[in-house]
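Coordinate inspection notes
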Amino acid sequence: MRRQPYLHLLKQRGGRFDAFFALSLESIGVRDRDGASDQEYFARLLNRQVDFIATLPAIGDGNAIELRFASSPVPDNPNRGRVAVALRVRVSAGDREAARGQALDAYQGLWPNLASISESYNWVAIHDEKGYEALFGSAEPPYLAELLRREAIIQLDRVHLLPPRRPIGFHEPLSKLADPSASDSSVYVCFPFKRNVNSLERLFDTLLMQPAPVIVSVALSPTKLTQHELDSLLDQILQGERYLNLPIHGQFAYPTEFVPPMRTQAKLLIDGLQRQIFGLRDDCFLCKIQIASHQPLAGALIEAVGVEISGHVHSAEGASDEGGRSSVLAGGYDWAAPQGTKESRIARNNFAQIQFTDWADTLAPLKGRRLRHLTEACEAGCAFRLPLPVDRDFPGIDTRLSRAVPPPVGLPEAGLFIGENIYRGLSQSVRLTRDDRRRHMYIVGQTGTGKSSLLLSMIAQDIRNGEGVGVLDPHGQLIDKVLRQVPRERIKDIVYINPEDDEWVPGLNALDYRDDLDKDAAVNHMLEIFDRLYDMRMAGGPVFEQYFRNSLLLAMSDPNDPATLVEAMRVFTDESFRNAKLAQCADPFVQMFWRQMAIPAKSKDWSLADMAAYVTSKFSRFVYNALIRPIALQQRSTLNFLQIMNEGRIVLVDLCKGKLGETNSAFLGMILIGLIQRAAFARPTDSSPNPPKDFYLYVDEFQNLATDSFSTILSEARKYRLNLILTNQYLHQIPENIREAVLGNAGTLLSFRVGMADATALEEEFLPLVNRKDLVNLPNYHAYLNTLVDGEATRPFNIVTRLVKPEEDQSVFDAIRANIGAYSRPRSEVMAEIESRLEASLGSRSRVSVKTAN
């Protein structure tokens, strides 16, 4: 979609109105290496710009368009300077409303042709008065100069030096320098600009190294060649034809041997004039090139601008045109500055309002006074042209080092908003439908690139849309922002978990289970947690797993007396407790292990003694932590995740990585992941008559919580409407098997800027439109997206993430804090209960010790 531009309206003499609108070049892309040489690439892009110029007569005769380069140099550090590139259009009409309507029509017609030049250019319409005034509303600069095409009166019967280029401040009238009617053998010649195939880098570097801001303005106004001007050109051709028809022994200023060069000169002049007629008989333009500043203009600066616009008179490039014809009578330039109050006033008015009133003297005959300013599209493109993309940052312009890719056809118009695709200045909202989100989403990107802002936007939308949401935040900053954006109607749905809370603590017992299947799942998940934290498959092997698994299964023997890690430790350290549990245990394999394998009759307890410290030492980090202990050691979980998911409630978890430390924070997060997974798998599937509600689980820095069960969640959770949104900073933080599961199962892959190692791995997911160089050069808040549309894969494209951020409300956070007791218990009560169980364990061990001593 495109917004309408700001219209600046001015009333002129006679009651007519001028309407102005403008566009700004927000950024330029880098050159796309397509195998062509720089010259071939530049020439191709310049031709497309000429095609754009050829469409400009549609804005209407007498109207005008200006291309402006406005520098803001930083003299002591040119690299910090900027050059604004803008297009401004003037449309004139008899009244205000007509001018407004014609200007908007001109904008609608101009935009597609401008955007189609190249996807390298990102144009943005200026939508407000402030933006317009910043580029075009400053005080008129007092110092102006105008670049002009070279002109001369050439005597056909002689070869002589052309008049010198006129310097700034010339005073002698041109009529005294030459008189076009002084001789029948005189021809007026205007030397057309000669294409200079370059990127304009040198011009921008020159502008950035000036001591003060400089503006280069190139303006075009569509017009028609008048009959008088055509007659003037035909008169010059006839003059040359008459000369060529003179007898060879006529009256010449030079001896006969000099006649052939002069006749060749006459033929070149006639050929050039004929081409000028054919070029101007169709649509043509008045062209005016001005340089302006608030400080005196250095001659060298104006010369630099002239050299960039037109090739040197005798330069090798441009020595012939596209048809191979000689263009020796082309190239070069003149320049002049207004003299006196009248000329200065006219020049400043031309500059401010894109007018074309001529103030500089000319050699042209009276009925051809405009000929020096009339150009066709190709020649106008020598001056009216955009900077061309190069392989690196373009001086002074915001440069996109990553390419823009258009969105696929058929993007959904409804769903979760995640950003906009901006391609050739056109923006299109990017949304994810509910069904496509069920195939999970993976977001990767370096710190500070925009991941958290995107998550906040998505979470806030889900909460406001009434969805069930879970958020696991390792640092808490994201949770703090989410809490202040919860709508009042959802305050009662919030479950806020913060281990640092001094008064209330939730209970999260990973060993609390519903049935035998859930018990096995709980044990398996706990084993995965300790394997993830301590790499026990390598460090402990099958023996550790055997003791660990059997200790948990024995501790969990009685479903009416839930076990925690405390009870799992007591299995090793408290014989009476172990025997009591064995009496309740109905699992013959657990019975066999503890009665026959772990404690052989002849060797007493030596096997158990060897393993007890080895296994229980893995529990100590969490049992002894003052923040983890009251949460993980409650016998009954205070949170029913099955109920939370079915009711579509919101779980916000601050994992307090800074206070708990990485291992403890990861332990708590993995417990939560396991509880949510087990609850999800207890729900009916999406194919059942009453499919469950969607629940969106956001896990930031998920690599710290990535157990092997993640592979199962990614492949199976969609059936149970558990939809994952996973983020982290780089791929190689994730264990390889889980990384493959993420890339293989995530239906939506979004990459912010990444390092080269990750870009190499991700490149296969985004080729052929996006490569590793694009992935490592993305700006902040820009990303590439590879997603599904209605379950079908699409080609990757770029997006700019936008934060959908409602107003924050501190009172909402206070209300959430007041409701925390609904799903938590007082800390003092929990600690007293845990200490009581520990004392019972110690008392039991003391009795065993006394009995043994007796």
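Residues numbered from 1 in each chain as written. Predicted model: local features only at pLDDT ≥ 70, side-chain atom pairs only at ≥ 80, totals over all residues. Heavy atoms only, no water.

**What about the pairing of strand 14 (residues 416–423)?**
Here is the rule: With a 1.4 Å probe rolled over the protein chains alone, any residue whose accessible area is under 20% of its type maximum counts as buried; one over 50% counts as exposed, and the rest are partly exposed. Helix and strand definitions follow DSSP, with helices as H or I runs of at least four residues and strands as E runs of at least two, each counted in order from the N terminus. For two strands to count as paired, DSSP must find a minimum of two bridges between them.
For strand 14, a buried count of eight out of eight residues is recorded, marking the element as mostly surrounded by other parts of the structure. With seven bridges joining them, strand 14 and strand 15 (residues 426–432) adopt antiparallel strand pairing. Following the sheet pairing, Phe 417 is matched in strand 15 by Arg 431. Remark: two residues form the turn of the hairpin made by strand 14 and strand 15, two consecutive strands paired antiparallel; Arg 424 in that turn has positive phi of roughly 55 degrees.

**Quick word on helix 25 (residues 709–716)**
Selection rule: Taking the helix axis as origin, the arc is that swept by the directions to the C-beta atoms. By definition in these notes, contact holds between two residues if any of their heavy atoms fall within 4.5 Å.
Looking only at helix 25, the buried set comprises Ser 709, Phe 710, Ile 713 and Leu 714. Buried residues in helix 25, looked at end-on, bunch into an arc of 140 degrees, giving them a common side. In this fold, the buried residues of helix 25 make contact with helix 14 (516–534), helix 24 (662–681), strand 22 (722–728) and helix 26 (736–745).

**Description of the confidence of the model for the protein chain**
The criterion, for reference: The predictor attaches a confidence to each residue, called pLDDT, with possible values from 0 through 100.
On average, residues of the protein chain score 86 in pLDDT, and 90% of them are at 70 or above. Confidence drops under a pLDDT of 50 for residues 846–854, and excluding neighbours within four residues, the segment shows two contacts in the predicted structure.

**Observations regarding the pairing of strand 17 (residues 468–473)**
In terms of burial, strand 17 is largely enclosed, as six of its six residues are buried. Residue alternation in strand 17 divides its side chains into two sets, Gly 468, Gly 470 and Leu 472 and Val 469, Val 471 and Asp 473, and both sets are buried. As paired strands, strand 17 and strand 21 (residues 695–699) are joined by five bridges and run parallel to one another. If you follow Leu 472 over to strand 21, its bridge partner there is Val 699. Relative to strand 20 (residues 650–654), strand 17 is paired through five bridges, and the arrangement is parallel. Residue pairing across strands places Val 469 opposite Ile 650, the latter belonging to strand 20.

**Some remarks on the pattern of salt bridges**
Put simply, the rule is: Salt-bridge detection follows one rule: a side-chain nitrogen of Lys or Arg within 4 Å of a carboxyl oxygen of Asp or Glu.
Across all of its chains, the model carries 38 salt bridges by this definition. Among the ionic pairs, Asp 435 bridges to Arg 438, the shortest N-O distance being 3.8 Å. Residue classification places Asp 435 among the partly exposed residues on the basis of a relative accessible area of 33%. Of the charged contacts, one joins Asp 574 and Arg 570 as a salt bridge, the two residues approaching to 3.0 Å between their closest N and O atoms. Exposure remark for Arg 570: the relative accessible area of 12% places this residue in the buried category. The structure contains a network of salt bridges with shared partners spanning Arg 434, Asp 435, Arg 438, Arg 439, Glu 467 and Asp 694.

**Observations concerning the packing of helix 5 (residues 201–208) against helix 8 (residues 299–309)**
Let me state the cut-off plainly: Inter-axis angles, ranging from 0 to 180 degrees, are taken between N-to-C directions of lines fitted to C-alpha atoms, where helices are fitted over the stretch in contact. Any angle that falls under 35 degrees is termed roughly parallel, while one over 145 is termed roughly antiparallel, one within 65 to 115 roughly perpendicular, and all others oblique. Crossings are classed by handedness, with left-handed meaning an anticlockwise turn of the near helix from the far one by less than a right angle and right-handed meaning a clockwise turn. Classes in brief: Ala, Val, Leu, Ile, Met, Phe, Trp, Tyr, Cys and Pro nonpolar; Asp, Glu, Lys and Arg charged; the others, Gly included, polar.
In contact at an axis separation of 9 Å, helix 5 and helix 8 are set at 165 degrees when each is read in the N-to-C sense. Here helix 5 is positioned roughly antiparallel relative to helix 8, judged by the angle of their axes. Considering how the two elements wind past one another, helix 5 and helix 8 form a crossing that is left-handed. Two secondary-structure elements touch here, helix 5 through Arg 202, Leu 203, Thr 206 and Leu 207 and helix 8 through Leu 301, Ala 304, Val 305 and Glu 308. Split by residue class, the contact of helix 5 with helix 8 holds five nonpolar, one polar and two charged.

**A short note on the packing of aromatic side chains**
Heads up, the condition is: Classification of ring pairs uses Phe, Tyr and Trp, with its six-membered ring standing for Trp, and accepts pairs whose centres are within 6.5 Å; under 30 degrees between planes counts as stacked, over 60 as edge-to-face, and the remaining range as tilted. Two limits define a charge over a ring: the Lys NZ or Arg CZ must be within 6 Å of the ring centre, and within 35 degrees of the ring normal.
Applying the stated criterion across every chain, the model contains 23 aromatic pairs. Of the aromatic side chains, those joined through ring pairs into one cluster are Phe 530, Tyr 534, Phe 544, Phe 548, Tyr 614, Phe 619, Phe 622 and Phe 667. Here Arg 484 stacks its cationic end above the ring of Phe 813, 4.6 Å away from the centre of that ring. Its guanidinium or amino end placed over the ring of Tyr 614, Lys 618 lies 4.0 Å from that ring's centre, counting from NZ or CZ.

**Some points on a negative patch on the surface**
This is how it is decided: Here, patches come from residues exposed beyond 30% relative accessible area and free of salt bridges, joined within 9 Å for like charges and within 5 Å for nonpolar side chains (Val, Leu, Ile, Met, Phe, Trp, Tyr). To measure how exposed things are, a 1.4 Å probe is used in the Shrake-Rupley method; for residues, cover is taken only from the protein chains shown. Note that His is not counted, nor are the chain ends; the positive residues are Lys and Arg, and the negative ones are Asp and Glu. Where a charge lies is defined by one atom per residue type, namely NZ (Lys), CZ (Arg), CG (Asp) and CD (Glu).
There is a patch of like negative charges on the surface, built from Asp 515, Asp 516, Asp 520 and Asp 587. Inspection of the secondary structure assignment puts Asp 587 in the loop between helix 18 (575–584) and helix 19 (588–597).

**A closer look at unusual backbone geometry**
Along the chain, Leu 767 connects to Pro 768 via a cis peptide bond; the corresponding omega equals 5 degrees. With respect to the helices and strands, the residue Pro 768 is situated in the loop between helix 27 (756–766) and helix 28 (772–776). Positive phi is not limited to glycine here, since His 440 has a value of about 75 degrees. Tracing the backbone through its elements, the reader meets His 440 in the loop between helix 11 (434–437) and strand 16 (441–444). Judged by its relative accessible area of 2%, His 440 is buried.

**Section: the environment of Ala 43**
With respect to the helices and strands, Ala 43 occurs in helix 1 (residues 38–54). A sequence separation of 154 residues divides Ala 43 from Val 197, and the C-alpha atoms of the two residues are 6.5 Å apart. Setting aside its immediate chain neighbours within four residues, Ala 43 contacts Arg 195 and Val 197.

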